[in-house]
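# Descriptive structure summary
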Amino acid sequence: MAVPEFQTSPGMRDILAPESARWRAFVDVFARIVEAAGYRQLMSPLLEDLGVFQRIGEATDVVTKEMYDFVDKGGRHIALRPELTASICRAFVQHRPPTPWKVWSAGSQFRYERPQRGRYRQFDQVDIEVLGSDDPYVDVEVIALGWEFYRALGLRQVTLLVNSLGEPEDRARYVEALRVYFEANVDALSPESAVTLQKNALRVLDSKRAQDAALIAAAPHIAEFYSAEAGAFFEAVQSGLRALEIPFRVDASLVRGLDYYRHTTFEFQGGTLDSAQNALGGGGRYDGLVESLGGPPTPGVGFALGLDRTLIACDDEGVFAPPSLNVDVFVVDTTGGLEALRITADVRAAGMRVDRAYEQRSMKGQMKAADRSGAKFAVIIGTDELDKAAVVVRPLRGERANDQSTIPRVDLISYLQKVLS
Ligand code: HAM
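Quick notes on the rules
Residues numbered from 1 in each chain as written. Predicted model: local features only at pLDDT ≥ 70, side-chain atom pairs only at ≥ 80, totals over all residues. Heavy atoms only, no water. Buried < 20%, exposed > 50% of the residue type's maximum accessible area, 1.4 Å probe, protein only. Helix = DSSP H or I, 4+ residues; strand = E, 2+ residues; numbered from the N terminus. Arc of directions from axis to C-beta. Contact = heavy atoms within 4.5 Å. Salt bridge = Lys/Arg side-chain N within 4 Å of Asp/Glu carboxyl O. Patch = residues over 30% accessible without salt bridge, like charges linked within 9 Å, V, L, I, M, F, W, Y side chains within 5 Å. Areas by Shrake-Rupley, 256 points an atom, 1.4 Å probe, with all protein chains shown as cover. Lys, Arg positive; Asp, Glu negative; His and termini not counted. Charge placed at Lys NZ, Arg CZ, Asp CG, Glu CD. Near = heavy atom within 4 Å. Polar contact = N/O pair within 3.5 Å; in protein donor to acceptor, adjacent residues only side chain to side chain. Pairing = 2+ DSSP bridges. Axes fitted to C-alpha atoms, helices over the stretch in contact; angles between N-to-C directions. Phe/Tyr/Trp six-rings, centres within 6.5 Å; stacked < 30°, edge-to-face > 60°. Lys NZ or Arg CZ within 6 Å of the ring centre and 35° of its normal.

## Notes on helix α7 (residues 191-199)
Here α7 has its buried residues at S193, A194 and L197. Projection of α7 onto a plane perpendicular to its axis shows the buried side chains occupying an angular sector of 105 degrees, all on one side. Projecting away from the buried face of α7 at angles above 90 degrees are the exposed residues P191, V195 and Q198. Of the surrounding elements, those touching the buried residues of α7 are α6 (168-184), α8 (201-204) and α9 (210-217).

Dropping the structure here:
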């Protein structure tokens, strides 16, 4: 086949069936779990004013390097959303719903990254956020829902890492200590991390480069900088997780790639992906974000789980297979197709899944299509059957395959209901 003139852009994919059905099922499972916990869906636009996303933090790659932004025909500087949290906070400021506001969202995000397995320029997330509560047990609820969701998919090799970045002042003192430490050792840092250091010392902890590993391991620890309140808050989160028997590991280097976090941060890591792409999902608390978008001081906590990556992990673990899209019945009509039109309409109206062949193909061609459809039964109409107001029902699989019966047309629906039940 010649290479077509147009193909998807790098990092963007067509999702064909049955994978597309699996994506839908993924969101359905997520919605069922979080709606049962009182979260309600928010559908926000794919585009926002660029300024909304700049509040994520001017020192993050997501904002400085990866944004799809442009000036629209009305002269507005807008961007495709790279994540949901900033949009959800913008919506909160705009609508001022009663708190705690518990929302979930799902959909595509856009980041201009270097595409590779598990890293795309258009990718999907499912997300929950709770705005308006500073109760540490909200953090626990949020984390527990993520954990429950991975269990529901059937994933077993998921590790939960948690950390706390403390109060903003704790975090600021820590970042300053990190800066002093890394600057004293800048000759040993990788050139990339030396550049990162100039912008945000915290981000150096994100480096996955082997050259940086020893320096990062010996860097000052965030825990040394916690205020009494921050330490107590983190302790409460951990005791909540223990009460729910959710296994976790405290990882002091878990600072996450976005700048808005305060207190709790966490990440769910998959056991089967490369370390640069093994974050299946993550989140944390972002107590200053609503204010930075012009709202009243409002605490917030939430997570986003990457759909693309989580499905790769499901493939690797052999769980959460695509749902079956097979129809129940396939109609084969060699009399011109009008009878097939009536029968498919009747069988669909009775709630069964039914497909048919078109274009007056031969009996052989239609039976081949019937087989390919995965249907359990073929309903066959030839001139003989049409004359006698009858149909032939032929099982296509199982022990009774091909053991066909001729039945009156008027009895078809009840007959199919019986054999399919
Ligand atoms: P994030 O860590 O940037 O957090 O993204 C969350 C998840 O989205 C990642 O763990 C990963 O599974 C997936 N993801 C991110 N980038 C890509 C990509 N280029 N290709 C495929 N998957 C990707 C956030 O987005 C925060 N808004 C999470 C949050 C919610 N924090 C508080 N509330």
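## Brief notes about the pattern of salt bridges
Enumeration over the complete set of coordinates arrives at 24 salt bridges. Here R76 and D72 are joined by a salt bridge, their closest N and O atoms 3.3 Å apart. Close ionic contact of E192 with R209 constitutes a salt bridge, the shortest N to O distance being 3.5 Å. Taken together, the residues span a long stretch of sequence, with E192 in helix α7 and R209 in the loop between α8 and α9 at a distance of 17 residues. Given a relative accessible area of 39%, E192 falls into the partly exposed group. Judged by its relative accessible area of 39%, R209 falls in the partly exposed class. Salt bridges sharing common partners tie together E339, R342, D346 and R409.

## Here we look at a positive patch on the surface
A surface patch of positive charge is lined by R361, K364, K368 and R372. The residue K368 is located in helix α14 (residues 363-372) in this model.

## Quick word on the site of the ligand
What surrounds the ligand is a group of 27 residues, the closest being E83, T85, E113, Y120 and Y261. A distance of 2.9 Å separates an oxygen atom of the ligand from a polar atom in the backbone of A279. Between the ligand and the protein, one listed contact pairs an oxygen atom with a backbone N or O atom of L280 at 3.1 Å. Within the complex, 96% of the 670 Å² of free accessible area of the ligand lies under protein. Secondary-structure elements contributing two or more residues to the shell around the ligand are β6 (122-131), β10 (279-285) and β11 (300-306).

## Concerning the pairing of β11
β11 sits mainly inside the fold: seven of its seven residues count as buried. Residues G300, G302, A304 and G306 point to one face of β11 and V301, F303 and L305 to the other, with burial holding for every one of them. Pairing geometry for β6 and β11, over seven bridges, is antiparallel. Its bridge partner lying in β11, D127 is registered against A304. One ladder, built from five bridges, connects β10 with β11; its direction is antiparallel. Opposite G284, over in β11, you have G302 as the bridge partner.

## Section: the sheet that holds strand β7 (residues 158-164)
Pairing is mixed across the open sheet formed by eight strands, whose spatial order is β1-β5-β6-β11-β10-β9-β7-β8. Either end of the sheet is taken by a strand with one partner, and the two such strands are β1 (40-41) and β8 (249-250). Each of β1, β5 (101-110), β6 and β11 is contacted by helix α1 (residues 19-35), which is oriented at about 5 degrees to β6, the strand it contacts most. Of the strands in this sheet, β5, β6, β7, β9 (262-270), β10 and β11 touch helix α5 (residues 136-153), which is tilted by about 15 degrees from β11.

## Side note on the packing of aromatic side chains
Any two aromatic rings considered together are summarised by their centre-to-centre distance and by the angle between their planes. In total, this model carries 18 aromatic pairs according to the counting rule given. Centre to centre, the rings of Y181 and F182 are 5.1 Å apart; their planes meet at 65 degrees, and the pair counts as edge-to-face. Ring centres of F266 and F303 lie 6.5 Å apart, and the angle between their planes is 90 degrees; on these two criteria the pair is classed as edge-to-face. Of this pair, F266 sits in strand β9 while F303 sits in strand β11, and the two are 37 residues apart along the sequence. In this structure, F266 and F303 share a single accessibility class: buried. The rings of F26, F30, W104, F149, Y150, F266, F268, F303 and F320 are connected pair by pair, giving a single aromatic cluster. Above the ring of Y120, the side-chain terminus of R13 is found at 3.6 Å from the ring centroid. The ring of Y112 has R121 sitting right over it, with the charged end atom 3.7 Å from the ring centre.

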